[in-house]
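Understanding the architecture of this molecule
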Amino acid sequence: MPPFMDETPTSRMLSWARNSTIYRLERRMMTEKQLFDAIAKKAKQKFEDISDAQIKALADFAVKFAYELKVLDDVAYAEISTRSAVRSGKSKKAIAFRLASKGIDGETVVAAVEEVDDLHSAVIFARKRGFGPFRRGDLDEKRKTKELSAFARNGFSFAIGKRVFDMEREDAEELLQSASAF
């Protein structure tokens, strides 16, 4: 193979990258990092004797192509993911960690979770798990420890966990009715 071919992807490779990008983004929203990693991983599997430079070039091409089509937007991804996570009772800390692990840059993560109300999310979490004001059984020391620990493991501060734990059911339901997640 000539040395210049080592660096540049073939037209067949570029065509595959274009089609693969469309295929992936039709099915689900992705971050720039997720698309880059997916194309790079699949290119290694699909093409024999592909160089690292070609893999990087294909992945860069796929990301550029997605931006040209206006189907790749990390800011929109962060906002949508944040709203979804709040509706399912995730803490601000857990949401930020998840977005960062998906390759969203720090400023975008901070902007996305800025409006999140941890108290509202904690009440949703408690309702989902049957904790605090939504508890069905009797409260003993073991149950109290279990509930407060679950709040902490899911990224809520002790103060928020304790506040929800001590709430009356009417107050919790009123908070869910009145407060919007954003």
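Residues numbered from 1 in each chain as written. Predicted model: local features only at pLDDT ≥ 70, side-chain atom pairs only at ≥ 80, totals over all residues. Heavy atoms only, no water.

**Some words on helix α8 (residues 118–129)**
Taking 1.5 Å of rise per residue, the 12 residues of α8 would be expected to cover 16 Å, and the 16 Å separating its terminal C-alpha atoms lies within 8% of that figure. Along α8, 9 of the 12 residues are buried, which leaves the element largely enclosed by surrounding structure. Here α8 has its buried residues at D118, L119, H120, S121, A122, V123, I124, F125 and A126. Where α8 begins, the capping side chain belongs to D117, and its oxygen is found 3.2 Å from the backbone nitrogen of L119. Looking at the residues trailing α8, positive phi occurs at G130, about 70°. (Helix = DSSP H or I, 4+ residues; strand = E, 2+ residues; numbered from the N terminus. Expected span 1.5 Å × (residues − 1). Buried < 20%, exposed > 50% of the residue type's maximum accessible area, 1.4 Å probe, protein only. Polar contact = N/O pair within 3.5 Å; in protein donor to acceptor, adjacent residues only side chain to side chain.)

**Some remarks on the nonpolar core**
Of all hydrophobic cores here, the largest spans 19 residues; its most connected members are W16, L35, F47, I50 and L58. No other element matches the 6 residues that helix α4 (residues 52–68) contributes to this core. Every residue in contact with I50, bar those within four places of it in the chain, is listed here: M13, A43, K44, I55 and L58. Within the second largest apolar cluster, 17 residues are counted, among which are V123, A150, I160 and L175. (Core = buried A, V, L, I, M, F, W, Y, C linked by side-chain atoms within 4.5 Å. Contact = heavy atoms within 4.5 Å.)

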